[in-house]
Amino acid sequence: VAQAPGCGLDRALVAPLVQSTTFVQHELGDGSCQHAYSRVSNPTVDHLESALGLLEDAPPAVCFSSGLAAESGLFTALLGAGDHVVVGQAIYGGTVRLLREIFARFGVSHTFVDSSDPLQVARAIGRSTRLIFLESPANPTMLLSDIQEISWIGRGAGVPVAVDNTFLTPVLQQPLELGADISVYSTTKFIDGHSLALGGAIVTRDTDLLDRLRFVRKSCGTIQTPYNAWLTSRGIKTLPLRLQRHSENALRVARWLKAQPCVTVVNYPGLDDFPQRDLAERLHRGGHGGVLSFELEGGLSAATEFLRHLQLFSLVEHVGSVESLVTHPVTMTHADVPDEQRLASGITPGLFRLSIGLEDAADLIDDLARAMEAVWGAGPDDNPHRVLQALATVPP
Ligand SMILES: Cc1ncc(COP(=O)(O)O)c(C=O)c1O
């Protein structure tokens, strides 16, 4: 049907979903069709790849079945037995598991470092280091790595730098413009944005690496499905608008949380007293995204009770959706990370991660306030600074 003249598919406003697993060759050796088999390439996946590449002024991306499939593809393309990778220690738990439990078995070694200090990254680079892998902001502490300085260090050492940019997307942070060699995405999160499609992507201007990634993907069978690529392409159309709203809402919620007596820590790069505030302004473009984390006093039992009273926030292992979400990293996303590494990267048992959705910020604050009141009581706040701050920042 796609080839039938006048069928209109070539004029469809929305790029069509081509589910076909295979493509007809008119004769032996027919090289006229760009696609042969959808494990290798597919027109709908191509469409998403071009869009993701354009967002970073790069050639078409390579899309994988999930964010972790994209990371596996990258490690497989760049690393072999005897090679070493330097990794920021505050990082998604699945990335830690992938390196510790899978790639280590194949002879790939790694060193976790506090990548908020570029010197620690530099010191960890050895003769066999083939990759520096960062996540900034890191999941879930929001710790930032100076992508510009670490990219400069990587270039000097001849080691490529990859940045997992899942939380901010190219709309709010452009790793390649900041000097990194590779951007890594779980498109499952903000890029799809609707919790409907798993996916991952690697974006780079290194055409040799792009060829190797496509070869790995074809050999390992880890391409994204056309249906998920089609859904994700739809998500891209509203990405800037959504991220603007996610960022505005998150800032309002973060400021409000900061003023609550039962909240001991709030991690959000948009807060004036965020320890890496200047770096956040230098790296991010017009917003700091929808993810924040905070600590509650009263231990796990109070926190469990607090979660029970939330109505607008859903307890899930996910970020980046139009709905607001809450996660307990120690028992959920980071359960497989060894205790000492979790603590070293600031992931305490009392830490909660929020992914702020597109709802009205006042409703979200109301929901949090009601749940806190149910657990800690209304108790008058006698800290005048906090009261003034709360009055200044809570929406009418
Ligand atoms: C920052 C980050 N990178 C990568 C991943 C893995 O992505 P996926 O779940 O699509 O495999 C996640 C998943 O939560 C993540 O939060």
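So, here is what we can say about the structure in this document. Nothing here was measured: the structure is a model prediction, and the numbers come from that model.

**Concerning a nonpolar patch on the surface**
On the surface, L13, V14, L17, Y227 and W230 cluster together into a nonpolar patch covering about 500 Å² of accessible area. Residue position: Y227 is located in helix α8 (residues 226-237).

**Topic: unusual backbone geometry**
Omega for the peptide link from S136 to P137 comes to 0 degrees, which places this bond in the cis form. Along the chain, P137 turns up in the loop between β4 (129-135) and α5 (147-157). For the peptide bond that leads from N139 to P140, omega is 5 degrees, which places it in the cis range. Locating P140 in the fold gives a position in the loop between β4 and α5. Despite not being glycine, M142 has its phi angle at roughly 65 degrees, a positive value. Along the chain, M142 turns up in the loop between β4 and α5. Phi angles above zero are rare outside glycine, and T169 is one such case at about 65 degrees. Using a relative accessible area of 0% as the deciding quantity, one classes T169 as buried.

**Things to note about the site of the ligand**
As a structural note, the neighbourhood of the ligand is formed by 14 residues, with G67, L68, D164, S186 and T188 the closest of them. Measuring from an oxygen atom of the ligand, one finds a backbone N or O atom of G67 at 2.8 Å.

**Let's talk about the pairing of strand β12 (residues 351-355)**
When you tally the buried positions in β12, you get 5 out of 5 residues, the bulk of the element. Burial of β12 is two-sided: the residues L351, R353 and S355 facing one way and the residues F352 and L354 facing the other way are all buried. As paired strands, strand β9 (residues 291-296) and β12 are joined by 5 bridges and run antiparallel to one another. Note on β12: the bridge partner recorded for F294 is F352.

**Observations regarding the nonpolar core**
Counting 70 residues, the largest nonpolar core has L257, L292 and F294 as its most contacted members. Counting residues per element, this core draws most heavily on helix α9 (residues 239-258), at 7 residues. In this view, F294 contacts L257, V263, V265, V266, F306, G350, L351, F352 and L354; residues no more than four positions away in its chain are not counted. If you look at the next biggest cluster of nonpolar residues, it comprises 29 residues, including A69, A70, V184 and L209.

**Observations regarding the pairing of strand β6 (residues 182-186)**
Summarising burial for β6: 5 of the 5 residues are buried, a large majority. Alternating positions in β6 separate into two faces, I182, V184 and S186 on one and S183 and Y185 on the other, with burial throughout. Here β6 runs beside strand β7 (residues 200-204); their pairing, made up of 5 bridges, is antiparallel. Looking at the pairing, V184 lines up with I202 of β7.

Thresholds, definitions, all that
Residues numbered from 1 in each chain as written. Predicted model: local features only at pLDDT ≥ 70, side-chain atom pairs only at ≥ 80, totals over all residues. Heavy atoms only, no water. Patch = residues over 30% accessible without salt bridge, like charges linked within 9 Å, V, L, I, M, F, W, Y side chains within 5 Å. Areas by Shrake-Rupley, 256 points an atom, 1.4 Å probe, with all protein chains shown as cover. Salt bridge = Lys/Arg side-chain N within 4 Å of Asp/Glu carboxyl O. Helix = DSSP H or I, 4+ residues; strand = E, 2+ residues; numbered from the N terminus. Buried < 20%, exposed > 50% of the residue type's maximum accessible area, 1.4 Å probe, protein only. Near = heavy atom within 4 Å. Polar contact = N/O pair within 3.5 Å; in protein donor to acceptor, adjacent residues only side chain to side chain. Pairing = 2+ DSSP bridges. Core = buried A, V, L, I, M, F, W, Y, C linked by side-chain atoms within 4.5 Å. Contact = heavy atoms within 4.5 Å.

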